[in-house]
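Architecture and fold: a report
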Amino acid sequence: MATQIDVTLRLIDMMTSPLVRVQNEMERTARAHQRMGRDIQRIGDGFSSVGESMLPIAAGITAIGAAGGRAFIDFDSIITGAAAKAGATAEEMEMMRQKASQFGANFPISATQAAEGMDRLAAAGYDANQVVGVMPSVITAAVASGEDLATTSDVVSNALNIWNLKQGDIASNAMRVADVVQMAANKSSLSMTDFGVAMQYAGAPAATLNISIEQLSTAMAIMKNNGIEASTIGTSLRSIFTRLSSPPKSAAEAIERLGLQVKDTQGNFLGIQPIIEQLRTKMIGMSDTEQVAIAQALAGQEAYSGLLALIKTAPQDYQAMDNATGSSQAQFEVMKGTLKNSIDGMLGSLESLAINFGSVLTPQIKAMTDAIGGFADMINTISPETKLLIGDILMGTVAFTGFMLAIGKVISIGG
């Protein structure tokens, strides 16, 4: 019995030391695993923190990219249409594109608005070089008057067409028209739209009779200040021009009675301003009823109130448009300093930047969209059986992706 006990104790002594070493090793391994787990967790938290920090930046970049892409797409569509209407070559279209972007950066408008103005000019029969030459004056007049760029573009382009000012230095002629329109707005309540409406009726007869745009604008401004609406101004002036240059019986009798000179020695119309000056002198001393009767005979029933407004206006007011040079630029400088136009200028610069990025990336975007479109076209041509097989593969991919995400989550939790 003593021998068995002795053997048992010696066996225990032999096993204890190895077991203690195994226990210690397992504890060290466990501690190492714990440290490794904590390290991995910290690394994961670091990655998560970086990702979360980058989220606002990534979202901002995505938003800017989307806005820039949208701006470029709209701009590209408009400027391409404008170039087509202007009959532009590829080089001229690129020139129009660059100029529109430049206008958006340099003026308190967007490049897209500049492209829309170009499109209106091109639709009015202007070629690419004429469009680019006219646009600075159009923009200046629009900002100076606070009017819509498209409306201003229509008014300026129509005036250039009516008075045949597209010949020669079209940029200088466009600035002249812009100055006259701006001065008319400064001297009266005649808006850009009003100017266009009145000119629609009176412009062509005035230009045919060699009445300058300055003289016509003066008459329009005076009549507007006397409470006459734009369309009535136009029709009244048209009637006055017609009846004075080619008088019917009643007008001819009134002209003869007054000894009024309406034509020069070559038989050309003398002009509205010289005739008004004669009428103002010759009607001195007449009773009010006689003045009305003379005005009705000369201008007609519908237009005589406009003629009386011109006659009753002081002579110095007829010189207003002679000093129109520089009017739109001076007012532009004033308006450019307003908070609204400063903000518009900033937004225009940002849009031009986005458009320029879009222009640079166009080949890559086009290649990508063409590839996707080509792939879609290829898919459309395959058999229904093949489409079903592709669908099964895609569904299997989705299912496998979900499985892998779930397994990954389980492993992460285990770690």
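**A look at the packing of helix α6 (residues 170–187) against helix α8 (residues 213–225)**
Two elements in contact, α6 and α8, have axes whose closest approach is 9 Å; the angle formed by their N-to-C orientations is 20 degrees. Taken together, the axes of α6 and α8 lie roughly parallel to each other. Crossing hand, α6 versus α8: right-handed. Contact residues: Arg176, Val177, Val180, Ala184 and Lys187 in α6; Ile213, Glu214, Ser217, Ala221 and Asn225 in α8. Considered class by class, the residues forming the contact of α6 with α8 number 5 nonpolar, 2 polar and 3 charged.

**Digging into the environment of Gly267**
Examined against the element boundaries, Gly267 turns out to sit in the loop between α10 (249–258) and α11 (272–282). Put simply, Gly267 and Ser245 are 22 residues apart on the chain and 9.7 Å apart in space, counted from C-alpha to C-alpha.

**Here's the deal with the packing of helix α2 (residues 90–106) against helix α4 (residues 128–145)**
Remark: α2 packs on α4, axes separated minimally by 10 Å, with the N-to-C direction vectors making an angle of 10 degrees. Viewed along their axes, α2 and α4 adopt a mutual orientation that is roughly parallel. Where α2 abuts α4, its residues Glu92, Met95, Met96, Lys99 and Phe103 lie against Ala128, Asn129, Val131, Val132, Met135, Pro136 and Ile139. Class assignment for the residues of the contact of α2 with α4 results in 9 nonpolar, 1 polar and 2 charged.

**Brief notes about the environment of Ala204**
With respect to the helices and strands, the residue Ala204 is situated in helix α7 (residues 192–208). When the C-alpha positions of Ala204 and Arg238 are compared, they lie 8.8 Å apart, and in sequence the two are 34 residues distant. If sequence neighbours within four positions are ignored, Ala204 has contacts with Ile162 and Met199.

**Structural notes on the pattern of salt bridges**
All told, the structure shown has 7 salt bridges when counted by the stated rule. Note that Lys85 and Asp119 form a salt bridge whose closest N and O atoms lie 3.0 Å from each other. Of this pair, Lys85 sits in helix α1 (residues 2–85) while Asp119 sits in helix α3 (residues 111–123); the two residues are 34 residues apart in sequence, bridging distant segments of the chain. Overall, the relative accessible area of 16% leaves Asp119 in the buried class. Between Arg257 and Glu290 there is a salt bridge whose closest N-O contact spans 4.0 Å. Taken together, the residues span a long stretch of sequence, with Arg257 in helix α10 and Glu290 in helix α12 (residues 288–299) at a distance of 33 residues. Judged by relative accessible area, Arg257 falls into the exposed class, the value being 56%.

**A word on α8**
The terminal C-alpha atoms of α8, which comprises 13 residues, lie 18 Å apart, in line with the 18 Å expected from a rise of 1.5 Å per residue. Most of α8 sits out of view: 11 of its 13 residues are buried. Here α8 has its buried residues at Ile213, Glu214, Leu216, Ser217, Thr218, Ala219, Met220, Ala221, Ile222, Met223 and Lys224. On its buried side, α8 packs onto α5 (149–162), α6, α7, α9 (230–245) and α13 (304–312). One or two residues past the end of α8 sits Gly227, with phi positive at roughly 80 degrees.

Calculation rules
- Residues numbered from 1 in each chain as written.
- Predicted model: local features only at pLDDT ≥ 70, side-chain atom pairs only at ≥ 80, totals over all residues.
- Heavy atoms only, no water.
- Axes fitted to C-alpha atoms, helices over the stretch in contact; angles between N-to-C directions.
- Helix = DSSP H or I, 4+ residues; strand = E, 2+ residues; numbered from the N terminus.
- Parallel < 35°, antiparallel > 145°, perpendicular 65-115°, else oblique.
- Left-handed = near helix turned anticlockwise from the far one by under 90°.
- Contact = heavy atoms within 4.5 Å.
- Nonpolar A, V, L, I, M, F, W, Y, C, P; charged D, E, K, R; others polar.
- Salt bridge = Lys/Arg side-chain N within 4 Å of Asp/Glu carboxyl O.
- Buried < 20%, exposed > 50% of the residue type's maximum accessible area, 1.4 Å probe, protein only.
- Expected span 1.5 Å × (residues − 1).

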